[in-house]
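Tertiary structure, described
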Amino acid sequence: MRSRGDGLVSPFGKVGPVGGCVVGAYVQLLVGGTADRVPLTGDRLVIGQSSTNDLALPFDSTVSRLHAILERLPSGWCVRDLNSRNGTFLNGERVWGERPVRPGDELRVGQTRLVFGLDGPAEQGNETVGADRAPELTRRERDVLLALCAPLASENVFREPASIRRIAAALVVTEAAVKQHLVRLYDKFDLHESDESRRVRLANEAIRRGALSMAEIQEWVRSRPAE
């Protein structure tokens, strides 16, 4: 990321004006196996294909000129779709109206993925975020994370973490055993809210906090027998 005048420019386009950075909030822009960290400056970040947006995505033809907005409200950060033609998705679910975002949440606009994060204490009501350092994992917990994140090594744009059934098959264990390991992993990564998006947040947090790297995931996938 480099400075140009009074704004920031990323390899992917303009990132809004510098000034008034807020508690280390940011999104990771994931495109083609690369990750670019985009700080959330001020109280909003408008996302779209047009170069006039705070975060411009001219390389993605499936993104609308004005696609979505991230806004900082008194209760915390939220995302809102701006009547885009292809929709905005939060952890795989289409966004209708405003939706709060939490560290590790994954946004998809067009074919572009963004992962929301905070460097400091969360401002989402009374929610707290654990230290950014990865927790200590057992060998089996690490195996479960690798199997969970294996689809990220795929070239498919619309990737989701592996299902419990798929993880169990890959590790040759029961689904009940996988569920038990996931419960412990959710606790270690401070993901206490039980919902359908928790596996997505776990995969994102595991990578963001350095528990796994994309290189390790790709190597694990290559070492597995072909299905």
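The preceding data block contains the structure.
Keep in mind that what you see is a predicted model, and the values were worked out from it rather than measured.

Within the chain, the regular secondary structure consists of five helices and 14 strands. Counting every position in the chain, which comprises 227 residues, the buried fraction comes to 46%. Pairs at least 24 apart in sequence give 50% of the contacts found in the chain among residues at least 6 apart. Only carbon and sulfur atoms are counted for the fraction: they give 49% of the accessible area of the chain, which is about 11,600 Å².

What follows concerns the nonpolar core. If you look at the biggest cluster of nonpolar residues, it comprises 25 residues, and the most contacted ones within it are Leu145, Ile167, Leu182, Leu185, Phe189 and Leu202. Those elements that provide at least two residues to this core are helix H1 (139-149), helix H2 (164-171), helix H3 (175-188), helix H4 (198-208) and helix H5 (214-223). Aside from chain neighbours lying at most four places away, what touches Leu202 is Leu145, Leu148, Leu182, Leu185, Tyr186, Phe189 and Leu191. Core analysis: the next-biggest nonpolar cluster, separate from the first, contains 22 residues, Val38, Leu55, Val63 and Leu70 among them.

A word on the environment of Leu152. Examined against the element boundaries, Leu152 turns out to sit in the loop between H1 and H2. Spatially, the C-alpha atoms of Leu152 and Gly33 are 9.1 Å apart, while their sequence positions differ by 119 residues.

Conventions and cut-offs
Residues numbered from 1 in each chain as written. Predicted model: local features only at pLDDT ≥ 70, side-chain atom pairs only at ≥ 80, totals over all residues. Heavy atoms only, no water. Helix = DSSP H or I, 4+ residues; strand = E, 2+ residues; numbered from the N terminus. Buried < 20%, exposed > 50% of the residue type's maximum accessible area, 1.4 Å probe, protein only. Contact = heavy atoms within 4.5 Å. Areas by Shrake-Rupley, 256 points an atom, 1.4 Å probe, with all protein chains shown as cover. Core = buried A, V, L, I, M, F, W, Y, C linked by side-chain atoms within 4.5 Å.

Everything listed is a geometric property; what it means functionally is a separate question.
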